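So you can see what is in the structure, the chains are spelled out below.
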Amino acid sequence: GLFSGGIALKASLRWLALAPHLDAKVEIDDEEVSALGQIGERDWRSIDELMSETPAAVLERLLAKGLLIGDAHEHAVWRARDELVRNTHWSPLAAVAHYFSRWNDSDVADDPNIPRNRSLSDLLTEYGLPPSHVIERVSAAERIGLPPPRESALDALFRQRATCRNFDTQAAIATTDFSDLLKCIFGCHAVTELLPGVHALKKSHPSGGSMHPLEAYLLVRRVEGLEPGLYHYHVVDHALEPLSLLDAEATAELAERFVAGQDYLADAPVLVALVARFGRTFWKYRNHPKAYRTILLEAGHVSQNLYLAATEAGFGAFITAAINEVDIEQAFGLDPLQEGPIAVCGFGARTDRQTTIEFDPLEKVWSDTGRRL
């Protein structure tokens, strides 16, 4: 095309339907788009009534693709998945965003949108300057100065807090330290029965509607007295529930898959998948567009508690959203419409020497020579 002086590129437009009860995006044509626009999402209608508005062949194609739900036996699987979405009380937009942003067998090194192997100079050349590090809404003369802040032990802890990318692969976590951290970060401090069968939990972090939907699913690599493998933390009994015991090689491979190839995070002796039980929050906030957001906010609260508790105990910590949700779901036996990984955290002892760069401008963790303080 280029050599003949013409246009070498051809563009085409296509419709893709995103339905959370299906496992993949579905391509549809103009006729199918039009038909879907005329069919309601909740009320059942007879096929004879629909054929008076839409050609039978179009309806059959939509049924075959799972975008129309039939009451026949051959549609039972999709019907059950569709009912699960509805009965869990998902907001439609939140369900689509959650389900279709999940990764499976991905590696951050292969993602062109993650600048893992590009320097800051490379990014400046490609993107230009980032938005300013600070915004100013009035002139300097109009600002009102505040008194010097008073120092506290919490201030010192905040200054020592830094994301860890250099875990000691030979060090195990003592059982007592492991127990203390789980209780502090994820554990339940009180249970109150508000009404018969309705229990509220007191934890170390806020939760939308006090529903506390987040669960801690653990991949244990190096904890004294524990076999490597997959566990669930029981927040009320402060106990571990063994799900699958693995050898060291299998846990290492699974850890790297969990964090999408970020090997410096996979080295942590304990990785924790923050898993949301969506029905717990959606029971109270049904089909609400803000309900999913409250779960994401809660994951942020939990991860900050993990950072502070781990720092106080002398450990490093991390959180990442670059995770293979599908691999985590399969490992722990989770249905993504009912229980979904939001992020992966981890903690453990740092190495004595920094080999992967960490952001520590106050030099509270690392000296200027890259040795741990």
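My aim in this report is to walk through the structure given alongside it, one point at a time. The structure presented is a predicted model; accordingly, all values stated were derived computationally and were not measured.

**A few points about the side chain of Arg-79**
Argument step 1. Structurally, Arg-79 is set in helix α4 (residues 76-87).
Argument step 2. Buried within the structure, Arg-79 lacks any salt-bridge partner; its nearest side chain of opposite charge belongs to Glu-83, at an N-O separation of 4.6 Å.
Argument step 3. Among the polar contacts listed, one links the side chain of Arg-79 to the backbone oxygen of Gly-70, at a separation of 2.6 Å.
Argument step 4. Setting aside its immediate chain neighbours within four residues, Arg-79 contacts Trp-44, Ile-69, Gly-70, Asp-71 and Ala-72.

**Structural notes on empty space enclosed by the protein**
To find the voids left in a structure, one rolls a probe of water-molecule size over its atoms.
Argument step 1. One pass over the full model with this rule turns up one cavity of 30 Å³ or more.
Argument step 2. If you add up the space inside the largest cavity, you get close to 70 Å³.
Argument step 3. Along the walls of the largest cavity sit Ile-185, Phe-186, Lys-203, His-205, Leu-214, Glu-215, Ala-216, Val-235, Leu-274 and Val-302, which together make up its complete lining.
Argument step 4. Ranked by residue count, the leading element in the lining of the largest cavity is strand β5 (residues 214-220), at three residues.
Argument step 5. Classifying every residue of the lining of the largest cavity gives seven nonpolar, one polar and two charged.

**Notes on helix α12 (residues 291-312)**
Argument step 1. In a regular helix each residue adds 1.5 Å, so 22 residues correspond to 32 Å; α12 covers 32 Å between its end C-alpha atoms and thus fits that length.
Argument step 2. Among the residues trailing α12, Gly-314 stands out with phi positive, at a value near 90°.

**Considerations on the pairing of strand β7 (residues 239-245)**
Argument step 1. The pairing of strand β6 (residues 229-234) with β7 spans six bridges and is antiparallel. When the bridges of β7 are listed, Tyr-233 appears paired with Leu-240.
Argument step 2. From the end of β6 to the start of β7, which pair antiparallel, there are four residues, and His-238 there has a positive phi angle of about 50°.

**Considerations on the layout of surface pockets**
Argument step 1. In this structure, the largest pocket encloses a volume near 1,100 Å³.
Argument step 2. The leading source of residues in the lining of the largest pocket is α4, at five residues.
Argument step 3. When grouped by side-chain class, the residues that make up the lining of the largest pocket number 20 nonpolar, eight polar and ten charged.
Argument step 4. Empty space within the second largest pocket amounts to approximately 270 Å³.
Argument step 5. Along the walls of the second largest pocket sit Val-108, Ile-114, Pro-115, Arg-116, Asn-117, Arg-118, Arg-165, Gln-262, Tyr-264, Ala-322, Thr-356 and Ile-357, which together make up its complete lining.
Argument step 6. Of the residues contributing to the lining of the second largest pocket, the split by class is six nonpolar, three polar and three charged.

**Structural notes on unusual backbone geometry**
Argument step 1. Although it is not a glycine, His-212 sits at a positive phi angle of roughly 45°.
Argument step 2. With respect to the helices and strands, His-212 occurs in the loop between β4 (198-202) and β5.
Argument step 3. Phi is positive for Glu-363, close to 55°, though the residue is something other than glycine.
Argument step 4. Here Glu-363 shows up in the segment after β10 (339-348).

**Considering the environment of Arg-280**
Argument step 1. Here Arg-280 shows up in helix α11 (residues 278-282).
Argument step 2. On a C-alpha basis, the gap between Arg-280 and Leu-67 in space is 27 Å, while along the polypeptide they are 213 residues apart.
Argument step 3. If we ignore the near neighbours within four places in the chain, the residues touching Arg-280 are His-199, Met-211, His-212 and Pro-213.
Argument step 4. Within the structure, the side chain of Arg-280 is placed 3.1 Å from the backbone oxygen of His-199, a separation counted as a polar contact.

Reading the values: the criteria
- Residues numbered from 1 in each chain as written.
- Predicted model: local features only at pLDDT ≥ 70, side-chain atom pairs only at ≥ 80, totals over all residues.
- Heavy atoms only, no water.
- Helix = DSSP H or I, 4+ residues; strand = E, 2+ residues; numbered from the N terminus.
- Buried < 20%, exposed > 50% of the residue type's maximum accessible area, 1.4 Å probe, protein only.
- Lys, Arg positive; Asp, Glu negative; His and termini not counted.
- Salt bridge = Lys/Arg side-chain N within 4 Å of Asp/Glu carboxyl O.
- Polar contact = N/O pair within 3.5 Å; in protein donor to acceptor, adjacent residues only side chain to side chain.
- Contact = heavy atoms within 4.5 Å.
- 1 Å grid on protein atoms, 1.4 Å probe; cavity = no way out; pocket = protein on both sides within 12 Å on 5 of 7 lines; lining within 4 Å.
- Points joined across faces, edges and corners; volume = space filled by probe spheres on them.
- Nonpolar A, V, L, I, M, F, W, Y, C, P; charged D, E, K, R; others polar.
- Expected span 1.5 Å × (residues − 1).
- Pairing = 2+ DSSP bridges.

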